[in-house]
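# Coordinates in review
This is what each chain is made of:
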Amino acid sequence: MLSYLIRRILLIVPTLIGATALIFFVMALAPVSITDALLSREGNLQPGERKAREEYLNRRYGLNKPLPVQYFRWLNAISPVGVKEKGPGFPASWKVGVKWPDLGNSFKQARPVGPIILEALPVTLLIQTISMPLSIAIAITSGIWAAKHRGKLQDVATGTVLLGLWSLPVIWVAVMLIGYLANVHYLKWFPAAGLHDPRAGSMSFFPGHGSAGYLLDSLWHLVLPVTCLTYGSFAFLSKLTRASLLDTLGADFIRTARAKGLSERVVLYRHALRNSLLPLITVFAGILPAMITGSIVVEKVFSVAGMGRLVIDSLLAQDRELFLSVATITLLLQLTGFLLMDIAYAIADPRVSYE
Amino acid sequence: MSRGDGNSGFPVRPAVGYAPGGAMSDDLPLRRTYLQHVVHDTLVPVASRLGLAWVVCLAFFAVTAPFIANSHPILMQEAGRWSSPMLKSLEPADIVLPVAAIAAAVLLVRRKLSAGQGLGMVAWVSAVTYAATAWPSAPQYYATLRGARLELMSAWAAWTLLRFVGAMVVMMIVLLPIFVLPRRATMVAGACLAPLVVLTLVFPVRPPELVVYERYRQKEGSGQITFVLRAMVPYSANDRLRDQPELRLTPPRRGHPLGTEPNGADVLSRMIHASRIALSIGFIATGIAVVVGVIVGGLMGYFVGTVDLLGMRLIEIFQAIPRLVLLVAITASYGRSLYLMMAVIGMLSWTGDARFIRAEFLKLRKEDFVQAAVAAGLPLRSILFRHMLPNGIAPVLVSASFGVASAILLESTLSFLGLGLVDEPSWGQMLNQAREGSGFNWWIALFPGAAIFLTVFAYNLVGESLRDALDPKLLKRE
Amino acid sequence: MAQPLLEIRDLTVGFDTDRGWIVPVRNVSFCIYPGQTAALVGESGCGKSVTALSILRLIAEPPGRILSGQVLMEGRDLLALPETQMRSVRGKDIAMIFQEPMTSLNPVFTIGDQIMEAILLHQHVTAREARDIAERSLYDVGIADPGRRLNEYPHQMSGGMRQRVMIAMALSCKPKLLIADEPTTALDVTIQAQILELLRKLQRQANMAMLLITHDLGVVAENADVVGVMYASRIVEYATVEDLFDRPAHPYTEGLFRSVPKLGNLAERLATIPGTVPNPAHFPSGCKFHPRCHRMEGDAKCGQIEPSLREVAGSHWAACHHVPNHASSPETSPRLDHRREVVAMATEDLGADVLPSAKEYRP
């Protein structure tokens, strides 16, 4: 089991390298050179500052070197295992070892990238970690219900409604929700922006003293963003649960279970469900990218300062440092998600062997 | 209740269609081919018929957009002279689309040709029309090329390519009707479409001409125009109503059934024109995804081993990158071009199809008929594409239908984020304007958003129906 | 004469498909006596599996439906029982094993879990005792090292072993009747013999009745006491196994025996029954076999009136107009309390390899 785990983790590395290489080269081959864009934006730089910037860029990226070298310099800087010091003459005076990843400095915000990401990451993770279990729970319950009432009117109607939910664009839902439900002109049921009340710093955690409290206030702010992220994946997963359950219920071993005299409830929840949840695990890994896309839109519409907004802002500001780091972290999160799904599947299905 | 026929009085309905599998029967012959049966089954549910109806509706709007929503009048009389500004303002694409649609409709009704031959015929008609309409503007394009700084290839190479392509087109126009009908229809279709693609790519985008839309309204107001016949929606997508600034950002009213935008343009007209972008991106991006996916997946599934390992790494890399992130990165770095967007969306969506085809081919290569084809010495492309592919294409068709929906969603999201096309209207970009100004512009949020939703829903309905029709297990599962 | 253990009267089962009603079991009646092995023979699609599943009411209600009939077990009509009581019949009074051992066990549970589930459901024992019973059952079916096997998953076992596990599971609660739906069709020939041998031995030990569904006449010859031949949803012949093999009455049974190639018989062509099995959606009128029958000789009656199952000789029922005495025989439902003469078979001496020895198993 341990060797399987280590092998899977190691397999992430080539995928990560490949994907980051793709992003890096795509951006580097752009018709407008990054340096020109960076330096021309801040057109009124003092000659000294401009020189310093150019030197920094050259040192970090080796902009006068060929592209693959640039990529590896950046990769080396960002990875926790790499070359620490480079003297003349490879490899004698090069020290290779474990080091802190150096994510660089953001140009737009004039501070290191690390803290910027550390501020934004928990926000996005908070929304995701609330949405994912919620959508799974709703999906499984509704999927089981639909499978039990298969063929009847409520099942067919629910199926079409779910398909419609899945087809609703996040951009539309977010705009409509915020336009109607968070608008002083219509219904102001929910707040329009951000995740916290401006006075959150001075609030107590639980309700009391005349204010709702930090916890409830956060939850109130989270309702709309979480709704936007949940409805799509739960609709998809629900249909999948139903289909998978119906598939499993037609299997031979279910007939055996019934022939043993087990009640329909036990057959459904003990025998059928465990088998039908297996394909769900693999599919769920495919939903992760959609959640990232969704969080980009949701964070923009609801003015939440998370990773998604960082992606867009950094690109629009031509802040290559920040964008590359953000993209890499996002990739890493996603690949970790895939890995966790694989492990979960290997644990859940005894037919999968760890060789 | 019993219409007895010797079956002890139980209700009996005659079995229609073809005989169920299992026990052999010699009474009911097959009445339809498999493809016809699949198409029929897909269109049985009401929902998928509605979905298809919406798509057809949308296609109609996309094809006829410049004719039904245009500020240029169809016909006008100015100072005694008749003229048709609309016809003069048409681009080659505006003419090719209706012609191709009519050709396709005629072929569908007449049903004299097979699917492949019909496709070839439509492609030939499109190529001829395009050449005929684009060639008069050729001198203008030559001039632009001479002045343009092409980084990808030198101006001389571009000239040579143009002349070569021109010669091919002429040959095609003259010789092809002889070859279209008998056989090799797919090759013909490819041969027709290739120069079309090259032509559109090589010719740079026409520099935006400054069109003064309001002059028609002003001239009519001042009496210079004596007779005018306007399009149904008398506003172009880019007509910002500069002569009527008070009509900016107004909710639905007379004259503007869906309201106006913050910069003055009519919402209905922009929505009609935006359907073109939506449909074309959907089809072409998915087409690219399917072609690339089938080729990669097919090779992986057939030549297992190193090819399979490498291919799986490639698939993992492409699947790992969130599509929107890369799309945004490319658009921000390379500029906004319709073709670039189509290509990128296509190149980010092929992994699903590749996996399906790989799984199918892995199963199929052990089948007897494939072994027989190999033993008979058939060429590889014949084995892959004529024998194995038709048997394994089913999940890809389903995935393609859902893929069109997801491509449209992706493009809308990109436009919503402000990174979409600039000149062409797009539903996503319109949705972004819903929050401009002081309040919530409900008409700009509702209508374009509903259009995106309905289109995506329609494709998903058809895709679901197609999946149910192709699922062999559905016969067991009631 | 003893009372029958299970009596099926006029059972008719239909399926409502979107291509019309299909009735694969029509007016089927017969009896099984305690300790007897009754066989239902027929080709694929004749309705024997549906009959077996209907006894335990395992037919999916939509689209299937039991249209008429009774299934009396020791006097109680199983078809009229409420579901809760039916569940205590399944697995406890009547157990069933199926054709495909590869897919009949749940892949995510150990076989120990699955056997104990059945035991704990029907017997009041603790978990520890249930485990012991399960281990004992595995030993009884000839699986070596049963303690370790209890913790294994189905995919770790071969087809023959899985079928033994199924048998162990079915017999763990000592049912009175075992329904075996083609238990050996999916197995190798050598394993077939072992499994059938095992079933016979266990049956004799527990005096358990068995309903054996098969299409293999060889299996019938070695294992059955009484045989019912099914064709196109009806029983067309019912007799003791000796009678059936010596004097088949129905033309279909005749055709079946004729088409079995015999050793030493130099024939250039194998005999077949012309034509094919009819589509259940389109049964012929009158006698269902008449389009293929060689006895018909243009008799219009065969195409119009369906012959009923009648006792044409003592302990022999047939449904054919052209069987002697058919018209004058009483129309009764078959009941035969018959056990075959036990012929000492050579394989019984191999019991030491195939079956556990007589001494007590000590875990």
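What counts as what
- Residues numbered from 1 in each chain as written.
- Chains lettered and ligands numbered in written order.
- Predicted model: local features only at pLDDT ≥ 70, side-chain atom pairs only at ≥ 80, totals over all residues.
- Helix = DSSP H or I, 4+ residues; strand = E, 2+ residues; numbered from the N terminus.
- Rg over C-alpha atoms; globule rule 2.2 N^0.38 Å.
- Contact = placed C-beta atoms within 7 Å.
- Buried ≥ 20, exposed ≤ 12 C-beta atoms within 10 Å, placed from the backbone.
- Pairing = 2+ DSSP bridges.
- Axes fitted to C-alpha atoms, helices over the stretch in contact; angles between N-to-C directions.
- Expected span 1.5 Å × (residues − 1).
- Parallel < 35°, antiparallel > 145°, perpendicular 65-115°, else oblique.
- Left-handed = near helix turned anticlockwise from the far one by under 90°.
- Nonpolar A, V, L, I, M, F, W, Y, C, P; charged D, E, K, R; others polar.
- Core = buried A, V, L, I, M, F, W, Y, C linked by C-beta atoms within 7 Å.
- pLDDT = per-residue confidence, 0-100.

Another point: the overall build of chain C. In terms of helices and strands, chain C carries twelve helices and twelve strands. Taking 2.2 N^0.38 as the reference for a compact globule, 363 residues should give roughly 21 Å; the C-alpha atoms of chain C span a radius of gyration of 21 Å, in line with that estimate. Along the three orthogonal principal directions, the C-alpha set of chain C runs to about 70 × 50 × 40 Å. When contacts within chain C are restricted to residue pairs at least 6 apart in sequence, long-range pairs at least 24 apart make up 64% of them.

From N to C terminus, chain A includes twelve helices and four strands. When each of the 355 residues of chain A is scored for burial, the buried share is 34%. Long-range contacts, defined as pairs at least 24 residues apart, comprise 64% of the intrachain contacts of chain A with a sequence gap of at least 6.

Here we take up the sheet that holds strand S2 (residues 20-32) of chain C. Residue and element names in this part refer to chain C. Strand order in this open sheet of four strands is S2-S1-S4-S5, and the pairing throughout is antiparallel. Every other strand in the sheet has two partners, leaving S2 and strand S5 (76-77) as the edge strands with one partner each. Packing against the sheet, helix H1 (residues 48-55) makes contact with strand S1 (6-17), S2 and strand S4 (64-73), and its axis sits at approximately 70° to S2.

Right, let's get into the environment of Gly428(B). You can see Gly428(B) is positioned in helix H18 (residues 427-432). Taking the C-beta count within 10 Å as the criterion, Gly428(B) has 29 such neighbours and is therefore assigned buried. The spatial distance from the C-alpha of Gly428(B) to the C-alpha of Ala451(B) is 9.8 Å, given a sequence separation of 23 residues. With sequence-adjacent residues up to four places away left out, Gly428(B) is seen in contact with Ile171(A), Glu411(B), Ser412(B), Thr413(B), Leu414(B), Ser415(B), Phe416(B), Gly420(B) and Ile452(B).

The next thing to look at is unusual backbone geometry. All names here are of chain C. A positive phi is found at Glu182, a non-glycine position, where the angle reads about 45°. Within the secondary structure layout, Glu182 lies in the loop between strand S7 (177-181) and helix H7 (189-206). Overall, the presence of 20 C-beta atoms within 10 Å leaves Glu182 in the buried class. Phi at Asn207 takes a positive value of approximately 50°, unusual for a residue other than glycine.

It is worth spelling out the sheet that holds strand S12 (residues 316-318) of chain C at this point. Residues and elements named next belong to chain C. If you walk across this open sheet you meet the eight strands as S6-S7-S8-S3-S9-S10-S12-S11, and the pairing is mixed. Lying at the two open borders of the sheet, with one neighbouring strand each, are strand S6 (94-97) and strand S11 (310-313). In this sheet, neighbouring strand axes are inclined to one another by 25° on average, regardless of whether the strands run parallel or antiparallel. Pairing of strand S10 (residues 234-240) with S12 involves three bridges; the strand directions are antiparallel. Counted as the bridge partner of Glu237 is Ala318 from S12.

The next subject is the environment of Leu446(B). Residue and element names in this part refer to chain B. Of note, Leu446 is situated in helix H19 (residues 442-470). Given 19 C-beta atoms within 10 Å, Leu446 falls into the partly exposed group. With 337 residues separating them in the primary sequence, Leu446 and Val109 have C-alpha atoms 37 Å apart.

Turning our attention to H7(C). End to end, H7(C) covers 26 Å across 18 residues, agreeing with the expected 26 Å (1.5 Å per residue, within 8%). For H7(C), every residue scored as buried is listed here: Gln194(C), Ile195(C), Leu196(C), Glu197(C), Leu198(C), Leu199(C) and Leu202(C).

The next point concerns the packing of helix H7 (residues 170-181) of chain A against helix H10 (residues 264-301) of chain A. Residue and element names in this part refer to chain A. In contact at an axis separation of 10 Å, H7 and H10 are set at 25° when each is read in the N-to-C sense. Here H10 runs roughly parallel to H7, going by the angle between their axes. Classified by chirality, the crossing of H10 by H7 is right-handed. Across from Val170, Ile171, Ala174, Val175 and Ile178 in H7, the residues of H10 making contact are Gly294, Val297, Val298 and Val301.

Taken together, the contact pairs 42 residues of chain A with 42 residues of chain B. Elements with a minimum of two residues in the side of chain A that touches chain B: helix H1 (2-28), helix H6 (153-167), H7, H10, helix H11 (307-316) and helix H12 (320-348) of chain A. In terms of residue class, the side of chain A that touches chain B is built from 28 nonpolar, 13 polar and one charged.

All names here are of chain C. Burial along S6 is two-sided: the residues Ile94 and Met96 and Ala95 and Ile97 are all buried. Here S6 pairs with S7 via four bridges, running parallel. Along S7, the bridge assignment pairs Met96 with Ile179.

Another point: helix H4 (residues 92-110) of chain B. Here H4(B) is 19 residues long and its end C-alpha atoms lie 27 Å apart, about the 27 Å a rise of 1.5 Å per residue gives. Following H4(B) by one or two positions, Arg111(B) has its phi on the positive side, about 55°.

The next subject is the environment of Val28(C). Counting through the fold element by element, Val28(C) comes out in strand S2. Separated by 77 residues in the primary sequence, Val28(C) and Leu105(C) place their C-alpha atoms 30 Å from one another.

Attention now goes to the packing of helix H2 (residues 46-68) of chain B against H19(B). Residues and elements named next belong to chain B. Here H2 crosses H19 at 135°, and the two axes come no closer than 8 Å. Our classification of the angle between H2 and H19 gives oblique. The handedness of the crossing between H2 and H19 is left-handed. Between H2 and H19, the residues in contact are Ala47, Ser48, Gly51, Leu52, Trp54, Val55 and Leu58 and Leu454, Thr455, Phe457, Ala458, Tyr459, Leu461, Val462 and Ser465, respectively. The residue makeup of the contact of H2 with H19, split by class, is eleven nonpolar, four polar and no charged.

Next up on the list: the pairing of strand S1 (residues 75-78) of chain B. Residue and element names in this part refer to chain B. Of the strand pairs in this sheet, S1 and strand S3 (residues 225-229) are connected by four bridges, and their pairing is antiparallel. Within the sheet, the bridge partner assigned to Met76 lies in S3 and is Val228. The pairing of S1 with strand S2 (residues 81-83) spans three bridges and is antiparallel. Counterpart to Gln77 in the pairing with S2 is Trp82. Counting the residues in the hairpin turn of S1 and S2 gives two residues, including Ala79, whose phi is positive at 50°.

Within soluble globular proteins, side chains that are nonpolar tend to cluster in buried spots. Counting residues in hydrophobic clusters, the biggest one holds 139 residues, and the most contacted among them are Ala174(A), Val311(A), Ile281(B), Leu327(B), Val328(B) and Ile345(B). The dominant element in this core, judged by the number of residues it contributes, is helix H10 (residues 267-302) of chain B, at 16 residues. The residues touching Val311(A), leaving out its near neighbours within four places in the chain, are Ile296(A), Phe323(A), Val326(A), Val325(B) and Val328(B). By size, the runner-up hydrophobic cluster in this structure holds 104 residues, among which are Ile235(C), Phe283(C), Cys302(C) and Val323(C).

What follows deals with the confidence of the model for chain C. With 94% of its residues at a pLDDT of 70 or more, chain C has an overall mean of 86. Here residues 349-360 of chain C is a poorly scored stretch, pLDDT under 50, and it has eleven contacts once near neighbours within four places are set aside; other chains count.

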